[in-house]
Amino acid sequence: MTIGIDLDDTLIETTKTGNEYLKEFVRDNSITDYHDLSKDEYLKFYGMYLYDIQKNAPIKKDALKVLNYLRSKNIRVVFITARGTLGFTESIPITLEYLKDHNVIYDKIIFKKNHKSAAARKEYVDLFIDDKERVLDEIKRVGIKTLRFTEKTKKSNHDIVSSWPEVKKYIDNLIGEVKDEW
């Protein structure tokens, strides 16, 4: 089995961290989510804070534990991320260093993928986990099972999990595991 996983807001708390830096960028607090910036302001913000956001954002709670568990089950993990797009190629070495420094176990990482379905198919991904509905819609259209990492209150065309222990439970159900090994 191969699991495809997005990085930002799926494995790593990127938005929460980015919005902390937004407080320095927009001092009047008129915007509270950096995704709501205009394209030009977004690019300016990202240019100023990319390194700090990607270096300092924490990994989601229990994610490493679940990744280690997946490895123990011989499940292949492929990260497919948009990082490195929009001319921010410095994001690639930052990400590789971050994953190494945090002892993140994975089999492969693919950068610069705003559209992830072709890469997921090429890697024979059986299940793709992402926080974005539009990405998962695209993945689902090519016949890959999808799992959305978001709050339970959100509407979605995909099964929803809001924690990494829920990811583990979902995968256990897929592979027929019934006991909790941790």
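Please refer to the structure higher up on the page.
A short tour of the structure in this document, coming up. The structure presented is a predicted model; accordingly, all values stated were derived computationally and were not measured. (Residues numbered from 1 in each chain as written. Predicted model: local features only at pLDDT ≥ 70, side-chain atom pairs only at ≥ 80, totals over all residues. Heavy atoms only, no water.)

**Remarks on a nonpolar patch on the surface**
Next, step 1: Together, M1, L174 and I175 make up a nonpolar patch on the protein surface, roughly 220 Å² of accessible area in all.
Next, step 2: One can find L174 in helix α7 (residues 164-175). (Patch = residues over 30% accessible without salt bridge, like charges linked within 9 Å, V, L, I, M, F, W, Y side chains within 5 Å. Areas by Shrake-Rupley, 256 points an atom, 1.4 Å probe, with all protein chains shown as cover. Salt bridge = Lys/Arg side-chain N within 4 Å of Asp/Glu carboxyl O. Helix = DSSP H or I, 4+ residues; strand = E, 2+ residues; numbered from the N terminus.)

**With respect to the pattern of salt bridges**
Next, step 1: Taken as a whole, this structure holds 15 salt bridges when the rule is applied.
Next, step 2: Residue E97 pairs with K55 through a salt bridge whose shortest N-O separation is 2.6 Å. Taken as a pair, E97 in helix α4 (residues 91-101) and K55 in helix α2 (residues 39-56) lie far apart in primary sequence, 42 residues in all.
Next, step 3: A relative accessible area of 38% means that E97 is categorised as partly exposed.
Next, step 4: The residue K61 makes a salt bridge to D62 at a minimum N-O spacing of 3.5 Å.
Next, step 5: When its relative accessible area of 66% is taken as the criterion, K61 is described as exposed.
Next, step 6: When salt bridges that share partners are traced, they join D6, K116 and D130 into one network. (Buried < 20%, exposed > 50% of the residue type's maximum accessible area, 1.4 Å probe, protein only.)

**Describing the nonpolar core**
Next, step 1: Among the nonpolar cores identified, the biggest contains 30 residues, and L11 and F79 are the most heavily contacted of them.
Next, step 2: Within the residue set of this core, elements represented by two or more residues are β1 (2-5), α3 (63-72), β2 (76-80), α4, β4 (127-130), β5 (145-149) and α7.
Next, step 3: It is α3 that contributes the most residues to this core, 5 residues altogether.
Next, step 4: When neighbours within four sequence positions are excluded, F79 is seen to be in contact with I5, L7, L11, L67, L99, V104, Y106, K108, I109 and I110.
Next, step 5: Listed in part, the 13 residues of the second largest apolar core include Y21, L22, V26 and Y46. (Core = buried A, V, L, I, M, F, W, Y, C linked by side-chain atoms within 4.5 Å. Contact = heavy atoms within 4.5 Å.)

**Details of the sheet that holds β5**
Within a beta sheet, neighbouring strands are joined by backbone hydrogen bonds and run either parallel or antiparallel to one another.
Next, step 1: If you trace the 6 strands from one edge of the open sheet to the other, you get β3-β2-β1-β4-β5-β6, paired in parallel fashion. Edge strands, defined here as strands with exactly one partner in the open sheet, are β3 (108-110) and β6 (159-161). Neighbouring strand axes in the sheet, compared pairwise and without regard to direction, differ in orientation by 25° on average.
Next, step 2: By the bridge criterion, 4 bridges tie β1 to β2 in an arrangement that is parallel. Its bridge partner being in β2, T2 is matched across the sheet by R76.
Next, step 3: Against the sheet, helix α6 (residues 133-141) makes contact with β4 and β5, and its axis sits at roughly 170° relative to β5, the strand it touches most. (Pairing = 2+ DSSP bridges. Axes fitted to C-alpha atoms, helices over the stretch in contact; angles between N-to-C directions.)

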